[in-house]
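Commentary on secondary and tertiary structure
Each chain, letter by letter, is given below.
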Amino acid sequence: PAASSARGLTKVYGTGAAQVRALDGVDVDFAAGRFTAIMGPSGSGKSTLMHCLAGLDQATSGTVHLGSTEITRLGDDALTRLRRDRVGFVFQSFNLLPMFTAEQNIVLPLDLAGAKVDPAWLATLVQTLGLGQRLTHRPSELSGGQQQRVAIARALVAQPEVVFADEPTGNLDSRSGAEVLSFLRRSVRELGRTIIMVTHDPTAAAYADRVVLLADGRIAGDISDPTPEAVL
Ligand code: ADP
Ligand code: ADP
């Protein structure tokens, strides 16, 4: 099966006259081992789609699968476990713990699960993300781009099936943003990970292997091997 998929996914917020149809019958599959961007203007439903795919938000109707698990059938406890054990998250705001070093932040998901990090995997991650000289630094001693690379390493450390990245370059200048996007690409190419990124920025989306375009809660386009011109 696809790493992540939706069929007839509809999400309605509010009731009566205040009702907003954020997603309207979305059908989409995300293949394993690829870097896909979900792109669209503000209000097109990108965050809602990501939240439904990741089990952070409940669909109004339709189905969502993570691998072969239909997550739209799961209760709260099972969803909490699924988010903890099977998906990773990267946020615009990095969300690192300020009192912890880079290394402590990276291994935190495993610590919380009572698991030990495989030193070889940690070394591979750190090398792939260019963090070798930064492991003992606290977040305040790192640039924004370095902080986001630590957050990416943290999202990957438990080898989740899918990593969801929500506007990962939204708080970065264009140079650090480009660097972070290159590292996301490397994580897919060299580490075989699956990344689904939400962005409103065509330049960012063009780093992905595929761009799914959203408009008014519907799929409005699907571009493989995008160039910046193709997604504008
Ligand atoms: P995007 O991420 O593309 O900016 P969103 O998924 O955040 O789009 O929003 C899609 C639509 O749903 C917008 O009209 C937004 O105002 C609405 N929306 C999002 N979240 C909520 C919410 N919690 N309550 C009501 N409306 C919401
Ligand atoms: P912002 O775009 O304001 O920087 P984030 O990108 O940090 O916000 O978060 C985007 C969404 O993800 C928010 O709706 C927030 O509630 C949710 N979120 C943030 N951190 C976590 C987390 N650690 N686990 C689950 N959901 C989170």
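Residues numbered from 1 in each chain as written. Chains lettered and ligands numbered in written order. Predicted model: local features only at pLDDT ≥ 70, side-chain atom pairs only at ≥ 80, totals over all residues. Heavy atoms only, no water.

Per an unreviewed UniProt entry, the recorded name for the protein is ABC transporter ATP-binding protein, and the organism is Cellulomonas oligotrophica.

Moving on: the overall build of the protein. Scanning the protein from terminus to terminus reveals eight helices and ten strands. Here the C-alpha atoms of the protein give a radius of gyration of 17 Å, agreeing with the 17 Å that 2.2 N^0.38 yields for 232 residues. Taken along the three principal axes of its C-alpha coordinates, the protein extends 55 × 45 × 35 Å. The buried share of the protein, reckoned over its 232 residues, is 49%. Of all intrachain contacts in the protein linking residues separated by at least 6 positions in sequence, the fraction that spans at least 24 positions is 67%. Surface summary for the protein: the accessible area is close to 10,700 Å², and the carbon and sulfur share equals 49%. (Helix = DSSP H or I, 4+ residues; strand = E, 2+ residues; numbered from the N terminus. Rg over C-alpha atoms; globule rule 2.2 N^0.38 Å. Buried < 20%, exposed > 50% of the residue type's maximum accessible area, 1.4 Å probe, protein only. Contact = heavy atoms within 4.5 Å. Areas by Shrake-Rupley, 256 points an atom, 1.4 Å probe, with all protein chains shown as cover.)

Now for the packing of aromatic side chains. Tallied over the entire structure, the rule returns two aromatic pairs. Relative to Phe 91, the ring of Phe 89 lies with its centre 5.8 Å away and its plane at 15 degrees, an arrangement referred to as stacked. Among the aromatic side chains, those forming a connected cluster through ring pairs are Phe 89, Phe 91 and Phe 164. (Phe/Tyr/Trp six-rings, centres within 6.5 Å; stacked < 30°, edge-to-face > 60°.)

By nearness alone, every residue bordering ligand 1 is listed as Tyr 13, Val 20, Ala 22, Pro 41, Ser 42, Gly 43, Ser 44, Gly 45, Lys 46, Ser 47 and Thr 48. Take Gly 43: an N or O atom from its main chain is 2.7 Å from an oxygen atom of ligand 1. The separation between an oxygen atom of ligand 1 and a polar main-chain atom of Ser 44 is 3.1 Å. For ligand 1, the accessible surface in isolation is 550 Å², of which the surrounding protein chains cover 58%. Where the shell around ligand 1 is concerned, the elements lending two or more residues are strand E2 (20-30) and helix H1 (46-53). Sort the elements by how many residues they give to the shell around ligand 1 and H1 lands first, with three residues. (Near = heavy atom within 4 Å. Polar contact = N/O pair within 3.5 Å; in protein donor to acceptor, adjacent residues only side chain to side chain.)

On to the sheet that holds strand E5 (residues 69-70). Taken in spatial order, the four strands line up as E2-E1-E4-E5 in an open sheet, and their pairing is antiparallel. Each having just a single partner strand, E2 and E5 make up the two edges of the open sheet. For strand E1 (residues 4-13) and strand E4 (residues 61-66), the ladder comprises five bridges, and the chain directions are antiparallel. Across the sheet, Ser 5 pairs through a bridge with His 65, a residue of E4. Across the sheet, H1 is in contact with E1, E2 and E4; its angle to E1 comes to roughly 125 degrees. (Pairing = 2+ DSSP bridges. Axes fitted to C-alpha atoms, helices over the stretch in contact; angles between N-to-C directions.)

What follows concerns the sheet that holds strand E3 (residues 35-39). Read across the sheet, six strands follow the order E6-E7-E8-E3-E9-E10 without closing on themselves; strand pairing throughout is mixed. Strand pairing shows two members of the sheet lacking a second neighbour, strand E6 (87-91) and strand E10 (218-224), which therefore form its edges. Averaged over all neighbouring strand pairs, the angle between strand axes comes to 20 degrees, with direction disregarded. Where E6 and strand E7 (residues 162-166) come together, five bridges link them in parallel fashion. When the bridges of E7 are listed, Phe 91 appears paired with Asp 166. Taken strand by strand, helix H5 (residues 144-156) contacts E6 and E7, and its axis lies near 170 degrees from that of E6.

With that settled, the discussion passes to the pairing of strand E8 (residues 195-199). With five of five residues buried, E8 is to be regarded as a mostly interior element. Bridge analysis of E3 against E8 gives five bridges, and the strand direction is parallel. Among the inter-strand pairings, Ile 38 is bridged to a residue of E8, identified as Val 198. Where E7 lies against E8, four bridges are found, and the strand directions are parallel. Bridge pairing in E8 links Ala 165 to Met 197. Running through helix H6 (residues 174-191), the crossover from E7 to the neighbouring parallel element E8 is right-handed. (Right-handed = clockwise from strand over helix to strand, strands pointing away.)

As a matter of local geometry, ligand 2 sits amid His 51, Leu 56, Phe 91, Gln 92, Ser 93, Asn 95 and Asp 166. In the model, an oxygen atom of ligand 2 is placed 3.2 Å from a nitrogen or oxygen of the Gln 92 side chain. In the model, an oxygen atom of ligand 2 is placed 2.6 Å from a nitrogen or oxygen of the Ser 93 side chain. With the chains in place, 47% of the 550 Å² that ligand 2 exposes on its own is no longer accessible. Partitioning the shell around ligand 2 into residue classes produces two nonpolar, four polar and one charged. (Nonpolar A, V, L, I, M, F, W, Y, C, P; charged D, E, K, R; others polar.)

Okay, a nonpolar patch on the surface next. On the surface, Leu 97, Met 99 and Phe 100 cluster together to form a nonpolar patch covering roughly 280 Å² of accessible area. The exposure class assigned to Phe 100 is partly exposed, which follows from its relative accessible area of 30%. (Patch = residues over 30% accessible without salt bridge, like charges linked within 9 Å, V, L, I, M, F, W, Y side chains within 5 Å. Salt bridge = Lys/Arg side-chain N within 4 Å of Asp/Glu carboxyl O.)

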